[in-house]
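The lines below spell out each chain.
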Amino acid sequence: MNAKRWSSTHAGSTPAENRHGALLATALEYAARGWAVFPLTPGSKRPATPRHPAAECDHTDPWCRREHTGWEQRATTDPDRITRAWTARPYGIGIACGPSGLLVIDTDTPKPGAATAPGEDTLAALTAAHGRTEGLPATWTTRTPSGGVHRYYTTAHLPTPLGNTAGRLGALIDTRGQGGYVVAPPTTTDAGRYEVTAQIEATPLPAWLVQRLTPRPVEPSGVRELRPVTDRSAYLRAVLAKEAEHVREAPEGGRNHALFLAARCLGEFVAGGSLSEGEAAGVLLDACTAHYGKPANDPKRPPFTEAEAYKTIRSGIRRGATKPRTAA
Ligand SMILES: [Zn+2]
């Protein structure tokens, strides 16, 4: 592909030229994965353009003729634009998480002498508290110069994008989604170099994290508020438990159908206002856990994944929405 051709024919012979070549080649590789990149001012973590905040836009920047255009809108997967930008200067690489369909979990290390636990420890404890003793699913991971860790999870399967959070999952744990970006390897800033530590495909964000990171829906005025979980009727709790059990116990050949029927049933309660779509999907995705990675009956089909489960759940919930039901 482009990146390889460029790096083999244009790589220079000095370390600086090699670093420059590696930045361009890697920016193109990210773009080929569908990750939208944009240039960072060399040596810093700041976007190279625009050079002005939205409030000070005078519309003289060619990108801002009609309206102010920020780094997120300028981020691209277009190899020509990337080649032009990174041939001009050895820019650092920013990845715009939202347009890339990524949610990056960013853990940091405490300042020397601070009493706060490292973000990694808090994240591990949180993961274990959700019953995931095996830890978070392995995914594309990088390390920052300050010892921080960036785990890249895919969110393209979610109905609505997740935004950024700071400390919602715990101290020294941030997440970057829509409206956020990460500095990507092999960018070097004054603080040091960003490096890939797990060069594997980015995997879907686990369902329990989707739930934790999904903002509570804002109900338009006049619409009854969702009941808090503690208020939930015994009837609805029983429905959730029964549907989750149907999914868990489904035989391999019937799991997708069982999942659809369960989602359709919960979709009726979602439409009736007793349950949020995120909660319904979360319960069902959790129930699917045992099925993930198991081969389909047909050996030619790939193993069952969370993304596939989510697709079935969404279509079931949509079907259920045609028959609203309430749990008294
Ligand atoms: Zn502007």
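Structure: above.
Keep in mind the model is a prediction, meaning the values are calculated, not measured.

K.L.:
Summarise the nonpolar core; cite the residues concerned and give the values.
P.N.:
Ile105, Leu205, Leu259, Leu275, Leu284 and Ile313 are the most contacted members of the largest nonpolar core, which totals 41 residues. Looking at this core, the elements that each hand over two or more residues are strand 3 (102-107), helix 6 (119-129), helix 7 (207-213), helix 8 (234-249), helix 9 (255-272), helix 10 (277-288) and helix 11 (306-320). With 7 residues, helix 9 is the single largest residue contributor to this core. Both domain 1 (15-213) and domain 2 (232-321) contribute no fewer than three residues apiece to this core. Excluding residues within four positions of it along the chain, isoleucine 313 makes contact with Leu259, Ala263, Ala281, Leu284 and Leu285.

K.L.:
Could you give an account of the packing of aromatic side chains, with specific residues and numbers?
P.N.:
How two aromatic rings sit relative to each other is given by the distance of their centres and the angle of their planes. One pass over the full model with this rule turns up 9 aromatic pairs. For the pair tyrosine 235 and phenylalanine 269, a centre-to-centre distance of 6.2 Å together with 65° between the ring planes defines the contact as edge-to-face. One end of the pair, tyrosine 235, is in helix 8; the other, phenylalanine 269, is in helix 9, with 34 residues separating them in the sequence. Three or more aromatic residues joined by ring pairs make a cluster, and in this case those are Tyr30, Trp35, Trp140 and Tyr152. Above the plane of the ring of tryptophan 35 lies arginine 33, whose end atom (NZ or CZ) is 5.0 Å from the centre.

K.L.:
So what about unusual backbone geometry? Which residues, and what values?
P.N.:
With an omega of -10°, the peptide bond between threonine 49 and proline 50 qualifies as cis. As for its placement among the helices and strands, proline 50 is situated in the loop between strand 1 (36-40) and helix 3 (71-74). Proline 186 follows proline 185 through a cis peptide bond whose omega is 5°. Despite not being glycine, histidine 59 shows a phi value in the positive range, around 65°.

K.L.:
Provide a residue-level description of the packing of helix 8 against helix 10, including the pertinent values.
P.N.:
Packing of helix 8 against helix 10 leaves a shortest axis separation of 8 Å and a crossing angle of 35°. Along this stretch, helix 8 crosses helix 10, giving a crossing that reads as right-handed. Two secondary-structure elements touch here, helix 8 through Leu240, Ala244, Val247 and Arg248 and helix 10 through Val283, Leu284, Ala287 and Cys288.

K.L.:
Tell me about the coordination of the zinc ion, and name the residues and values.
P.N.:
The coordination sphere of the zinc ion contains the protein donors His52 (NE2), Cys57 (SG), Cys64 (SG) and His68 (ND1), at a distance range of 2.1 to 2.3 Å. Between the donor residues of the zinc ion, the gaps in sequence give the motif H-x4-C-x6-C-x3-H. On the criterion of sequence distance, the pair formed by histidine 52 in the loop between strand 1 and helix 3 and cysteine 64 in the loop between strand 1 and helix 3 is long-range, its members being 12 residues apart. Cysteine 64 shares its class with histidine 52; the two are buried.

Reading guide: rules and limits
Residues numbered from 1 in each chain as written. Predicted model: local features only at pLDDT ≥ 70, side-chain atom pairs only at ≥ 80, totals over all residues. Heavy atoms only, no water. Core = buried A, V, L, I, M, F, W, Y, C linked by side-chain atoms within 4.5 Å. Buried < 20%, exposed > 50% of the residue type's maximum accessible area, 1.4 Å probe, protein only. Helix = DSSP H or I, 4+ residues; strand = E, 2+ residues; numbered from the N terminus. Domains from an automatic or database assignment. Contact = heavy atoms within 4.5 Å. Phe/Tyr/Trp six-rings, centres within 6.5 Å; stacked < 30°, edge-to-face > 60°. Lys NZ or Arg CZ within 6 Å of the ring centre and 35° of its normal. Axes fitted to C-alpha atoms, helices over the stretch in contact; angles between N-to-C directions. Left-handed = near helix turned anticlockwise from the far one by under 90°. Donors = N, O, S within 2.8 Å, 3.2 Å for Na, K, Ca; no water.

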